[in-house]
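Structural characterization, general
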Amino acid sequence: MGLLRYAFRRFVQIIPVLFGIVTLMFVMMHALPGDPVRLYLGTEPGQELADDLIASYGFDRPLHEQYFDYLVRLGQGDLGQSFVYNRPVSDLIWERMEPTLVVMGLSYLVALPMAIGLGIYGAARHNEAGDHASRFAGLAGISTPNFWLALMLIYVVTYHLELLPASGYTSPFIDPVESLTLLIMPVITLATAQTALLMRMTRSSMIEELRADYIETARAYGIPERKVLIRHSFRNALLPLVTIVGLQVSTLLGGSVIVEEIFAIPGLGRLFFDSLIDQDYSVAVGVTLFFSTLFLIGVVLTDIAYAYIDPRIKYD
Amino acid sequence: MSTIDRTDDGGPSGTNRTDDRTGGSDREPLLEVAGLQKHFPVNSGLLSSIRFDPESGPFPFRYDQSSVKAVDGVDFELRPGETLGIVGESGCGKSTLARTILGLEEPTAGDITFDGRSTDEIPEGEFRKRTQMVFQDPQSSLNPRRKVGHIIEDPLEGTDWPRSDSSVGADTEVRTEDLSEYAVNATVDDNADLVVDPVDGVATVLLTVRPVGDPTEKRVETADDIAVDLPWGFDATVTVDETERTIDIDVSVSASKADLRRERALELLEQVGLKREYYDRHPHEFSGGQRQRINLARALSINPDLVVADEPVSGLDVSVQAQILNLMDDLQEEYGLTYLLISHDLSVVRYVADRVAVMYLGEFVEMAPTEELFTEQYHPYARALLSAVPNPDPDQPGIESVIQGNVPSASDPPRGCRFHTRCPSFILPDGFSAAGYEAYDELLGAVREQELEGSDLDAVVETYLGDIDASASADTATDAAGDGGTIPPGARSDARQAVERALEGDWTAARERLETHESVCQSATPALDPAGGTTSDVVGKTERLTACHLEVTDEGGTREP
Amino acid sequence: MSLLEVEDLQTYFFTSDGIVRAVDGVSFEVETGESLGLVGESGAGKSVAVKSLMGLIREPGRIVNGSIKYDGQELTDLSEQELRRDIRGNEISIIFQDAMSALNPVFTVGEQIEEVIVENTDRSPTEARERAIELLDDVGIPDPAQRIDEYPHQYSGGMQQRAMIAMALACDPRLIIADEPTTALDVTIQAGILELFDEIQEKYETSMVYVTHDLGVVREVCDRVAVMYLGRVVESAPYEELYRNPKHPYTQSLINSVVTPDETLDELDPIGGTMPSAVSPPSGCRFRTRCSVEFGECSQLTPPLYDVGDEETHTTACLRYDDGVEREEPALHESTTSEPAVVEEQTDD
């Protein structure tokens, strides 16, 4: 019950933050230099079209009325209209959601087990050969820019080895095999940096943990070393990891923009990127709002996971 | 009052202070604390305080304002030159009390009066100059990145010490050698009191004037022919008028404030038993005992009136403890300090304190002159505390009694006397046996919570009081042979009526009826009063106070009222 | 044959600052059902000594020499796995000083005790749980069936230590090592724990090695006591005998410097100076730098343990007792009791 109450409270606390973001978006949109009509319609629109737009969006109305309108429309799920596609933004987001979430999800799926495994290994073999090797690999992983990695992969795998196609996306729910061949390289790109960072965190967290008094107690009572490592230390070492994993949602969202562009995946990242270039502001704002919400949910889930793992956190 | 040798090398002066710091009973108290409370909210912030409560009103939420009552009504006086020891176990609130008195925490209620003025009115700077704290953990209370000498100087810097007092005059005392033909005049700047301690309102600089080299050979013609011996920190300009045969000496303070502070820090190091060379070292190079000496040096640097020491020796080895306590004692005499000493260790307190107050769950339960308290304790907790201290001497008694149970939560302290839940001398109302009262109390508790088990009158009475035998005669106090003990018949019938009320929904009436048989230990909070009731133990400034419903008998010892 | 025989134990730590000779020739014995107090100030090496018994010393420390015979079996010959399987937890248990940090915060008290039972005995998880509840009850934890599912931070300090004691008793060990178990506790709580130790010894006849710096505690719980100074045992005797007839100068100073509740201590006589570094200890008798009586030989010879008692139960490592009799020879030179304080940090006990 305590945990539920805590979860509830954390979710409730998102609301003011979202509110702030939404308001910030509004302010930014209207603070941008330039004529909103032109922004929406491109350069030299016809007067009639312009008037239409002004009327329907209420650009001639006072700012606070526009704001209120904006909030109301948001509440109804209306994120505006994309002028490039001439379709509601919400529809666009709905369509492009899947590829982004699939890539992100797979990235986590690949990165987490590897990172944790390597991290624990590194901590157990602290300062021995295996540890140094994995640390080096970790450093390499973090230092490699993801766009470079993506391009290199394409260059080697597609161009030279002609093994995998470099662009496109197929939903894994429709055709798993083809989907996989298309997703391998994008996921590797994203997962590399993620794994590297998580692995280093796991390793240092574990090393810290293994020094704890209660680990000495476990050993003193004849608990086998493997159990000490995994059951006793890891559980405690998990705590900082969970935080990082939650925050990585934002890193992945950012990375997805690049990866989707390079691998021509029709996801939200690509949509966002294109909308900036095309000055399709309603799309840009809509996607930003979506990403923010996603991130906030990630943060809250992290907090809840934290409270679940560590009984000392007072969530009453 | 300091031991600084002023004739040879001068040395910086302390702040002006009266010579007589240790007071007799006619002195005003230096510190007065009245009704002091410090409560900490249990929940941090608005959202965390909200509780889901289906039974509360239209919105099923309520606001939980419970708080931890760390200090819950403390009164005492502290006279100049005295040492008051506050003893208690962890969680009793003694550290919070110390911090609140020093202004590190804002009191929830109550007054603190320092030297006649309320601490609300005293500007913080002044208050900090006159009070200092010595903390418990010598490791963490010293910044590992700084030199020890600098750490000691911190309070000096903070109060911009030294500052010249304009009400203090400055004068010179000149000694001449072989200059009988000359008239020597010396003047000194008004701020000489920066370096030299004033005596009777005047800072006097001693100087010796003599000719350079052999006086018979040369006549004194210029300033170069004159040497002036000055105390440390001063410089002199000499003008010689050959014709008039006068020598004018103009003395000024040459030591910078930094110099003065450094010199004081060096002196302090020596006073606490360390070496001057240690000035440049870092805390980690010292043992625990030495670090605590550094702490003391720092606290003393600005010559405070009041020093609050929170567990000053608890982390140290026993032999080192003795050394530090000795030092504190010496410093108290030397500087005329007033100590408030917090400790959980009775032996420590016994060694240094004039009076002792025993603290439990936010309140003082007994206060007495040290030796009197150690000879005999009136409050059961004080007694338990003392008898729990192990004694290595096999010819003396060891640990005699062990009080059971744990300290109750400070956010929900027991009613009446806070110690009653664990008190071996709990006052049972007439006719009750211990077990009988326990059962009765459980019923009372249930009624308070408005949660009775069962809904049938007889069944409920049976559940709570079933094991109890009703004693036949009204004045019996002996246990019957029954399982649970005895309660007087009046109580039994009242209980029955109370349950009846309760089942009808009138919880208030039920509670009130049951409370008529409550033990005084639960119904009334004992005040910290002079022990003995009618026999007053007040002797001059010493009093024996105890917060217990037990009475002190004339032969000593306690009995039920 | 004693239950535990330790002979000439030496445990060194090989650090970059030098070799720390934390335990440098420690010998003592513990009989079945007996409790031995191991007393000394911090830095004496008591904790290192007892942890060595269970093989809990890790890099950069190790046992370099000595014999530890438990029930006739030489423990220093056993592999890590054998120690874990046969000794730790089932034959010898250890109770640490700070119960809060010795218990894992993310597991319930019950889970931790049950794990110990399951790993070391044949019991099933259900049986283990029953036994755990029984143990918690034995050690005086109220409502054990409820509190078994609580986490360590939900227990008070005294209760946490009782939980640790329950864990130590879980597999019916014959020897319990207690490393300053009450040092961090309030005095009334300590009294309760000491009472518990008394009960345990009576009920189970377990042997104990009780490490402490507090002689008052030794008086309550221990039959015999060994005094340690800078890695060595300097005196060993039944407790009362030791207190009434201390032979070693260190023991004498220790007793005189202790603050006891029944005296007004103007007679307090602190031992001057601090314990020297264990990296470069004084040659010969290690206490000689603070000893009020010092002979020339004190710096040349390491005193062995001489018998001084009537029944061979009182031994002391001081050259004055060469043939069991105290020498009255004048000291060749007096050394002062107040050494300038040594500035180096001491290693952990």
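**With respect to the overall build of chain B**
Scanning chain B for helices and strands turns up 15 helices and 24 strands. Looking at chain B as a whole, 41% of its 561 residues qualify as buried.

**Regarding the overall build of chain A**
Secondary structure summary: chain A contains twelve helices and two strands in total. Secondary structure elements of chain A, listed N to C terminal, follow the sequence α-α-α-α-β-β-α-α-α-α-α-α-α-α. Its C-alpha atoms give chain A principal-axis dimensions of about 85 × 60 × 35 Å. Within chain A, the fraction of its 316 residues that count as buried is 33%.

**Brief notes about the nonpolar core**
A general feature of soluble globular proteins is that nonpolar side chains tend to end up buried together. Core analysis: the largest hydrophobic core is formed by 201 residues, its most contacted members being B:Val358 and C:Ala163. Among the elements that line this core, the one with the most residues is helix α7 (residues 157-169) of chain C, at eight residues. Setting aside residues up to four positions removed in sequence, B:Val358 forms contacts with B:Val87, B:Gly88, B:Phe364, B:Val365, B:Glu366, B:His379, B:Tyr381, B:Ala382 and B:Leu385.

**A closer look at the confidence of the model for chain B**
Residues and elements named next belong to chain B. Across chain B, the average pLDDT comes to 81, with 87% of residues at or above 70. Of all secondary-structure elements in chain B, the lowest mean pLDDT belongs to helix α1 (residues 6-9), at 30, while strand β5 (residues 83-87) reaches the highest, 95. Long-range and interchain partners of residues 1-24, a stretch whose pLDDT sits below 50, account for 55 contacts in this model, where long-range means more than four residues apart. In this model residues 533-542 is a low-confidence stretch, pLDDT under 50, and it forms 14 contacts with partners more than four residues away in sequence or in other chains.

**Focus: the interface of chain B and chain C**
Tallying the contact residues gives 33 residues for chain B and 34 residues for chain C. Sorting the residues of the side of chain B that touches chain C by element identifies α7 (318-335), α8 (346-352) and α10 (380-387) of chain B as the ones contributing at least two each. Per-element tally for the side of chain B that touches chain C: the top contributor is α7(B), with five residues. Tallied by class, residues from the side of chain B that touches chain C come to 16 nonpolar, 13 polar and four charged.

**Focus on the pairing of strand β10 (residues 232-238) of chain C**
Residue and element names in this part refer to chain C. Counting buried residues along β10, six of its seven residues qualify, which places the element largely inside the surrounding structure. The pairing of strand β9 (residues 224-229) with β10 spans six bridges and is antiparallel. Within the sheet, the bridge partner assigned to Met 228 lies in β10 and is Val 233. The turn joining β9 and β10, which pair antiparallel and follow one another in sequence, is formed by two residues; a positive phi near 45 degrees is taken by Leu 230. In terms of strand pairing, β10 meets strand β12 (residues 315-316) through two bridges, oriented antiparallel. Bridge pairing in β12 places Glu 235 opposite Thr 316.

The rules behind each value
Residues numbered from 1 in each chain as written. Chains lettered and ligands numbered in written order. Predicted model: local features only at pLDDT ≥ 70, side-chain atom pairs only at ≥ 80, totals over all residues. Helix = DSSP H or I, 4+ residues; strand = E, 2+ residues; numbered from the N terminus. Buried ≥ 20, exposed ≤ 12 C-beta atoms within 10 Å, placed from the backbone. Core = buried A, V, L, I, M, F, W, Y, C linked by C-beta atoms within 7 Å. Contact = placed C-beta atoms within 7 Å. pLDDT = per-residue confidence, 0-100. Nonpolar A, V, L, I, M, F, W, Y, C, P; charged D, E, K, R; others polar. Pairing = 2+ DSSP bridges.

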